[in-house]
Amino acid sequence: MNKRAFLKSLGMVAGAAPLLSWSMPSPTFDPDTLLPKALKKGDWVGLISPSAATADRMQFTFAQEALEALGFKVKLGENLKNRRGHLAGTDEERASDLNLMFADQEVKAVICIRGGSGAARILPKLDYKLIQENPKPLMGYSDITALHCAIQAQTGLITFHGPNGSGSWNSFNVKQFEELFFNQKQVSYQNEMPKGDDLVVKSNRIQTLKGGKASGKLLGGNLTVLTALSGTPYYPDFTDSILFIEDISEDPYKIDRMMSTLQLNGTLDKAKGVIFGQCTDCNPGGGYGSLTVDQVLDDYLLPLGIPAYSGAMIGHVPKQFILPVGAQVSMDSDKGTITLDQKIFQDA
């Protein structure tokens, strides 16, 4: 996956306010779910790099300034700027930064500066008991899927699939962040679909693969990273889940192979609904010598007979949903919506 080039190509993209609606939080939640502590402006947040190294030094500045603009004070990981090959330091250094941020009582949230590759290497070195005893939000996407999955499987802590520190902090993402973390609203996510100057809306359109509604625990992330964890202690239990997946720069035959893994390991059969985000630059090459991503999804999802839709604003796109991994949600595949069914932060 050429995620590094894609992430560097994303600028600070301005956008319109997100199409989100709110309601008061529900007092009930899954007793097996561990809620993180809430955030407020003025808190310290930790910035770490658990995956690939950052080559452009300005990305460190951009990430720190973005978090400060959100209202936080920023503590940099001791090994944030390290490099070992394509990695942001040794496995021990990267794992140490994450463990130390969870141990630091002053730090109230942990933000990953970028994805790339390498987070799975540190999973055996993380202190899951420490994480469980110090529940705080962790946010990132792409390769950070490895951390979301492992922390969910080992602790039940809700983490957040959303912008990386050096990613795009446009008005859409900022609005979601503030409503979710500061105002603690119970969010309903729906694609923003600007019409522009065209006769019909073409941007961010969803495709309903199988209509209907379903509820369950929201689990998933980057398809490549997710399937690579199959059969390990860091792969979550997808029983009664709402599965969400996305990817970038993968040929459709690779998407087919990975969807086959989800079928063979039982994940698809356990899910109650499936949401496919946006597969950026996943077009078939060689004319009609390949299945399309649409055909691959039809082959694997339609036989399940469960609600499913594609095109959600999830993935390697500038405007993306900030999703609480491990939270109870409801989905409507006809409308293309995801709605939180529980509070996601501990009471103050």
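Under an unreviewed UniProt entry, the name given to the protein is LD-carboxypeptidase, and the organism recorded is Algoriphagus namhaensis.

Is there a simple way to explain the pattern of salt bridges in this structure?
Where side chains of opposite charge bring their charged atoms close, a pairing between them can arise. Evaluation of the coordinates by the stated rule reveals 11 salt bridges. Ionic pairing is found between Asp43 and Lys40, a salt bridge with its closest N-O pair at 3.1 Å. The class of Lys40 is exposed, set by a relative accessible area of 53%. A salt bridge links Lys129 to Glu133; the shortest N-O distance between them is 2.4 Å.

Would you mind going over the environment of Lys195 with me for this structure?
Within the fold, Lys195 resides in the loop between strand S7 (186–190) and strand S8 (207–210). With residues up to four places along the chain from it excluded, the contact list for Lys195 reads Val200 and Val201.

Teacher, can you tell me more about the pairing of strand S9 (residues 213–222) here?
Most of S9 sits inside the fold, with eight of its 10 residues counted as buried. Across five bridges, the pairing between S9 and strand S14 (residues 328–332) is antiparallel. Within the sheet, the bridge partner assigned to Ala214 lies in S14 and is Met331.

I keep staring at the nonpolar core and nothing clicks. Help me out?
The nonpolar side chains of soluble globular proteins are, as a tendency, buried together. Leu147, Phe177, Phe181 and Met259 are the most contacted members of the largest nonpolar core, which totals 96 residues. Excluding residues within four positions of it along the chain, Leu147 makes contact with Pro50, Leu98, Cys112, Ala119, Ile122, Leu123, Leu126 and Leu138.

Looking at this structure, how should I read helix H8 (residues 252–264)?
The first and last C-alpha atoms of H8 sit 18 Å apart over 13 residues, in line with the 18 Å expected at 1.5 Å per residue. Pro252, Ile255, Met258, Met259, Ser260 and Leu262 are the residues of H8 that are buried. Check the buried side of H8 and you find it contacts helix H7 (223–228), strand S10 (241–248), helix H9 (267–270), strand S11 (273–280) and helix H10 (293–301). Positive backbone phi, approximately 90°, marks Gly266, located one or two places after H8.

I tried to follow the packing of aromatic side chains on my own but got confused; where do I start?
Any two aromatic rings considered together are summarised by their centre-to-centre distance and by the angle between their planes. Applying the stated criterion across every chain, the model contains 12 aromatic pairs. Between Phe160 and Phe345 the ring centres are 5.8 Å apart and the planes differ by 15°, which places this aromatic pair in the stacked class. One end of the pair, Phe160, is in strand S6 (residues 159–161); the other, Phe345, is in the segment after strand S15 (337–340), and 185 residues separate them in sequence. This pair shows no difference in class: Phe160 is buried, exactly as Phe345 is. A connected cluster of aromatic rings, assembled from ring pairs, spans Phe72, Phe160, Trp169, Phe177, Phe181, Phe182 and Phe345. Looking at Lys75, its charged tip hangs above the ring of Trp44, at a distance of 5.8 Å from the centre. For the cation-ring pair, Lys81 lies above Phe60, with the distance from its terminal atom to the ring centre recorded as 5.3 Å.

Rules used throughout
- Residues numbered from 1 in each chain as written.
- Predicted model: local features only at pLDDT ≥ 70, side-chain atom pairs only at ≥ 80, totals over all residues.
- Heavy atoms only, no water.
- Salt bridge = Lys/Arg side-chain N within 4 Å of Asp/Glu carboxyl O.
- Buried < 20%, exposed > 50% of the residue type's maximum accessible area, 1.4 Å probe, protein only.
- Helix = DSSP H or I, 4+ residues; strand = E, 2+ residues; numbered from the N terminus.
- Contact = heavy atoms within 4.5 Å.
- Pairing = 2+ DSSP bridges.
- Core = buried A, V, L, I, M, F, W, Y, C linked by side-chain atoms within 4.5 Å.
- Expected span 1.5 Å × (residues − 1).
- Phe/Tyr/Trp six-rings, centres within 6.5 Å; stacked < 30°, edge-to-face > 60°.
- Lys NZ or Arg CZ within 6 Å of the ring centre and 35° of its normal.

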